[in-house]
Amino acid sequence: MAAVQYFIERFSVTCNKPMSHLQLACCSSHCALPWQDKSIRIYENNNLEPPLELTGHHGDVSAMVIGTVRDRLVLCSASEDYVIVWDIDRCYRRIREGVSASGTVVGTLLGKVEHLSLCPQSARLAACSGSRVFLLNAEREDVLGVLKAHLGPVTASEFCPWDVNLLISISEDRTFKIWDVKKGDILFESAVLSAYPLLSLFFLEQSSQFITGSGDGQLWCYTLPVDHKCRLVTKLDLSKLEQKYERNHRKTSSPQNSPDGMIGNEVRGTVETTKPVLKIWAQKLHSSHASLQQRTSCVWIGSSDGLYLLDLDTSELLMILPLKGIISDLSISMAGSWAVTNGLGGNMCCLVTSLFGTSVTLLEVNSAGLDELCFRMAMGFSVDEQLSVVPSSPLMTMSPLNAELAKHGRKPQKKIGVSCQKSVKDQALVFHTQVKSSGYNTAPHRTMFRPKTSVKKKSNSASATSTNTKGLLSEYPSHLEAPSMPYAHITVSTTPTPVSSLQFSGNGKQIACGLGDGSVLLYNSSLTSNPAVYTGHSKAVNTVCWSHSKQWFLSTSEDPTLCIWSPNASEPVLTMGDDQFAKPIRSAQFYYLDKFLLLASGSNLMLYLYHLDTTRDDIKRYKQRSKCKLTSKFNMKSGTDITSMSAINDFYSYIVLAAGADRTIQVFDMNQGCMATQIPDAHCRAVHLLTQNKGSAFCTQALESYNLFLSSAITDGLKLWDLRTARLHLKHK
């Protein structure tokens, strides 16, 4: 496979001393860096002619930024004595005329300035010195204000691109603050975010968000609404994202076909190091591939060892461009600071300082090579044999799904002898085939007797047959929006009782409701009549689930027991007791078009065959005639307890999803009887719910849509996954 050259080194300069943590300046046409401490050199990115050298500072230059003021390209530089604004075109012109170039002093004796930021719309300049932020006029010497509230040195500040009166500052005190630059007031201040100082800040104008990063590789993305009450959208750990990226890379790639330039396992896969977030930059991927054009929330993270491409929508690490790679032979292997900008032709220009040396290098990220590398990466992460919810092959001979429950007929009476046949048989105490129950096992009454005072006469007309449960539409009205207004509100119990599970029947006519007191209620879909009550559990109900035939529904509990019910009977048709399960049944359902019972208890995923018999012997009512048999048992790979489970029962499918307490999602192939793949670190906390697109009798969907499934975890929102690639498709908070 041909090598992918993603970094192009334009030039490298050796300075007289290290500049590892200085803020350098770079734009699409020029870049600037300190030279001999007090001077500045400006280079043209696409022209290697001698640079423009500027003098005017009496102290060491500590920060620089390039921007525009009144449509003029300017360079702002700062030292302990002056903050100077240079008109770049004017400086070039004066040098050609044989006159020394000069700039405009806009600040004096502000101390050591660590960071500069420029607001093009308002011609204001923010200079971070110590724990203060000085607001300066970018056209003349005028201090507009001083912002002071941080408890430590301010590391960076940026003006909001869609509201020039807002400025956000970050500090070594590990907090950020939002300022009203007109009034000098604090509009919002965060809590302490990390044990390490915040180093970088970037605004995402398209989504009205901002992202900040710390010295230990943590990233926080916040919304910036009109009321300035910021809410956390996502939190990422660069080191953990890299570990997940490498696991997927090792799983899907071999040394022979590994794309050159991607991080090799032998280079970075063994030692975990802290990766400081030195720079954040957003650039749209100019890709010819449709799968990559859909990613609109990608940001580049500049760290000490290279560039990282993140998709904020999916919290996924898409690509790593190491400075010290397999084919890269760059002047710098460890970076101290980054200055990044969008270059010409879709390329990206990076001015990088050496972390331990004295080199400064201008790198250009090749968009053509990047496109090819990104496409290879997208194709490489697909599994060798793509999983699909809809089966593409018949059942294997030894598949667990081929199991059948042996049917036992009624045993014939044993004939011992003639004397036994003539002997008098035992007679029953009663002489009827049916015995009326005393009522001790019936469901308790939830409401007192109420006389019917509004009885209506039945009508023989056709319109009278259209009731709330029978008036369901045959197709879902696609022109209407999803339901958003409350239809009914009822109280399920007179005492505070949590509702643990709800599910509609397949025809939409009934709702099964599991309660925390161990009972199950059955409502009609309009919630207009009193529910039927089913009691068979002694502890809280965990799950209720309908069968595909709509003739049965099951319930599981913390007992641990599983009961299968008929809507027409108050007693369970089948009860599986605590002698069969060591731990509570967290999830259970009918599976494979009602052929199996699939349930999760502890770390075990169990598959049961069953036979339901509703007949009862009135003399031996305690003895159930329904049967069940364990056919297969699967264990989570890490031995962790299962927190949620999902499978499709509306059509034949081999795929079963299980989420563990260790935050993994494992995919089981029941046809092969093994785990097919797993998704590590699916959420920052244990997944408490998995749900699939199981189809609907009221609408048709594309075949590919059945391969999508949702997961949810507390404080980590919803994530939409694609089963075919086992990768995150979308994240929503």
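Residues numbered from 1 in each chain as written. Predicted model: local features only at pLDDT ≥ 70, side-chain atom pairs only at ≥ 80, totals over all residues. Heavy atoms only, no water.

**Some remarks on the overall build of the chain**
Broken down by element type, the chain carries six helices and 48 strands. Classification of the 733 residues of the chain by burial places 49% in the buried group. Residue pairs at least 24 apart in sequence account for 50% of intrachain contacts in the chain once pairs closer than 6 positions are excluded. (Helix = DSSP H or I, 4+ residues; strand = E, 2+ residues; numbered from the N terminus. Buried < 20%, exposed > 50% of the residue type's maximum accessible area, 1.4 Å probe, protein only. Contact = heavy atoms within 4.5 Å.)

**A few points about the packing of aromatic side chains**
Tallied over the entire structure, the rule returns 18 aromatic pairs. The interplanar angle of 55° and the centroid separation of 6.3 Å between the aromatic rings of Phe203 and Phe210 together place this pair among those described as tilted. Comparing Phe203 with Phe210 shows no difference in burial state: the two are buried. Between the aromatic rings of Tyr534 and Phe553, the centroid separation amounts to 5.3 Å while the plane-to-plane angle is 80°, which identifies the pairing as edge-to-face. On the criterion of sequence distance, the pair formed by Tyr534 in strand S32 (residues 532–535) and Phe553 in strand S34 (residues 553–557) is long-range, its members being 19 residues apart. Taken together, the ring pairs connect Trp162, Phe176, Phe188, Phe203, Phe210 and Tyr222 into an aromatic cluster. Taking NZ or CZ as reference, Arg41 lies 3.8 Å from the ring centre of Trp35, over its face. (Phe/Tyr/Trp six-rings, centres within 6.5 Å; stacked < 30°, edge-to-face > 60°. Lys NZ or Arg CZ within 6 Å of the ring centre and 35° of its normal.)

**A closer look at the nonpolar core**
Core analysis: the biggest nonpolar cluster contains 41 residues, and Phe7, Ile301, Leu307, Leu310, Trp338 and Cys350 have the highest contact counts within it. For this core, the leading source of residues is strand S25 (residues 316–322), giving five residues. Leave out the neighbours within four places in its chain, and Ile301 touches Leu219, Leu238, Val277, Lys279, Ile280, Gly306, Leu307, Tyr308 and Leu310. In this structure, Val13, Cys26, Cys31 and Leu54 belong to the second largest nonpolar core, which totals 33 residues. (Core = buried A, V, L, I, M, F, W, Y, C linked by side-chain atoms within 4.5 Å.)

**A few points about the sheet that holds strand S8 (residues 82–87)**
What the four strands build is an open sheet, ordered S6-S7-S8-S9; its pairing is antiparallel. Looking at which strands have only one partner, the edges of the open sheet turn out to be strand S6 (63–69) and strand S9 (104–108). Between one strand axis and the next, the sheet turns through 20° on average, direction left out of account. Here four bridges tie S8 to S9, and the two strands are oriented antiparallel to one another. Bridge pairing in S9 links Val85 to Thr104. Contacting strand S7 (72–78) and S8, helix H1 (residues 88–96) runs over the sheet at an angle of about 75° to S8. (Pairing = 2+ DSSP bridges. Axes fitted to C-alpha atoms, helices over the stretch in contact; angles between N-to-C directions.)

**A word on the pattern of salt bridges**
Following the criterion strictly, the structure yields 14 salt bridges and no others. Here Glu139 and Arg70 are joined by a salt bridge, their closest N and O atoms 3.0 Å apart. Highlighted residues: Glu139 in the loop between strand S12 (132–137) and strand S13 (143–148) and Arg70 in the loop between S6 and S7, separated in sequence by 69 residues. Lys275 is the salt-bridge partner of Asp305, the closest N and O atoms lying 2.9 Å from each other. A residue pair is termed long-range when its members are at least 10 positions apart, and Asp305 in the loop between strand S23 (298–302) and strand S24 (306–311) and Lys275 in the loop between helix H3 (265–268) and strand S22 (279–282) qualify at 30 residues. Residue Asp305 shares its accessibility class with Lys275, and that shared class is buried. What you see here is one network of salt bridges that share partners, running through Glu242, Lys275 and Asp305. (Salt bridge = Lys/Arg side-chain N within 4 Å of Asp/Glu carboxyl O.)

**Observations regarding the sheet that holds strand S11 (residues 124–129)**
Taken in spatial order, the four strands line up as S10-S11-S12-S13 in an open sheet, and their pairing is antiparallel. Both edges of this open sheet fall to strand S10 (113–119) and S13, since each of them pairs with a single strand only. Taking the axes of each pair of neighbouring strands and ignoring which way they run, one obtains an average angle of 20° across the sheet. One ladder, built from six bridges, connects S10 with S11; its direction is antiparallel. Bridge pairing in S11 places Leu116 opposite Ala127.

**Re unusual backbone geometry**
For residues besides glycine, phi is generally negative; the peptide bonds are generally trans as well. Note that the residue after Asp559, namely Pro560, is joined by a cis bond; omega there is 10°. For Pro560, the position within the fold is in the loop between S34 and strand S35 (562–565). In the Ramachandran plot, His228 falls in the positive-phi region, its phi being about 65° despite a non-glycine side chain. Structurally, His228 is set in the loop between strand S20 (218–223) and strand S21 (232–237). Although it is not a glycine, Asp594 adopts a positive phi angle of roughly 70°. Turning to its location among the elements, Asp594 is positioned in the loop between strand S37 (585–591) and strand S38 (596–601). We classify Asp594 as buried; its relative accessible area is 15%.

**Observations concerning the confidence of the model for the chain**
Taken over all residues, the pLDDT of the chain has a mean of 81, while the share at 70 or more is 80%. Counted against residues more than four places away or in other chains, residues 380–384, with its pLDDT under 50, gives ten contacts. Low confidence marks residues 418–423, where pLDDT is under 50. Its contacts with residues over four positions away, or in another chain, come to one contact. (pLDDT = per-residue confidence, 0-100.)

**A few points about the environment of Ser12**
If you trace the backbone, Ser12 turns up in strand S1 (residues 7–14). Along the primary structure Ser12 and Leu362 are separated by 350 residues, whereas in three dimensions their C-alpha atoms are 6.4 Å apart. Setting aside residues no more than four positions away along its own chain, Ser12 makes contact with Ser331, Ser359, Val360 and Thr361. Reaching out from Ser12, the side chain makes a polar contact with the side chain of Thr361 at a distance of 3.3 Å. (Polar contact = N/O pair within 3.5 Å; in protein donor to acceptor, adjacent residues only side chain to side chain.)

**Looking at H1**
Within the sequence span of H1, burial applies to Ile88, Cys91 and Tyr92. Within H1, the buried residues cover an arc of 100° as seen down the axis, which keeps them to one side. The backbone nitrogen of Asp89 lies 3.4 Å from a side-chain oxygen of the residue at the head of H1, namely Asp87. Taken from the residues just after H1, Gly98 is the one with a positive phi, measuring 85°. (Arc of directions from axis to C-beta.)

**Observations regarding the pairing of strand S30 (residues 510–515)**
Counted residue by residue, S30 has five buried out of six residues, so it is predominantly covered. A loop of five residues connects strand S29 (residues 499–504) with S30, the two strands running antiparallel in sequence, and Gly508 in this loop sits at a positive phi of about 75°. In the sheet, S30 pairs with strand S31 (residues 519–524) via five bridges, with the strands oriented antiparallel. Opposite Ala512, over in S31, you have Leu522 as the bridge partner. Counting the residues in the hairpin turn of S30 and S31 gives three residues, including Gly518, whose phi is positive at 95°.

**A look at the state of the cysteines**
Under the definition given, this model contains zero disulfides. Unpaired in terms of disulfides, Cys119 finds its nearest cysteine sulfur in Cys160, a separation of 9.3 Å. (Disulfide = S-S within 2.5 Å.)

**Some thoughts on a positive patch on the surface**
Judged by side-chain charge, Lys620, Lys623, Arg625 and Lys627 come together as a positively charged surface patch. Note that Arg625 resides in the loop between strand S39 (604–611) and strand S40 (627–635). You can call Arg625 partly exposed: its relative accessible area is 36%. (Patch = residues over 30% accessible without salt bridge, like charges linked within 9 Å, V, L, I, M, F, W, Y side chains within 5 Å. Areas by Shrake-Rupley, 256 points an atom, 1.4 Å probe, with all protein chains shown as cover. Lys, Arg positive; Asp, Glu negative; His and termini not counted. Charge placed at Lys NZ, Arg CZ, Asp CG, Glu CD.)

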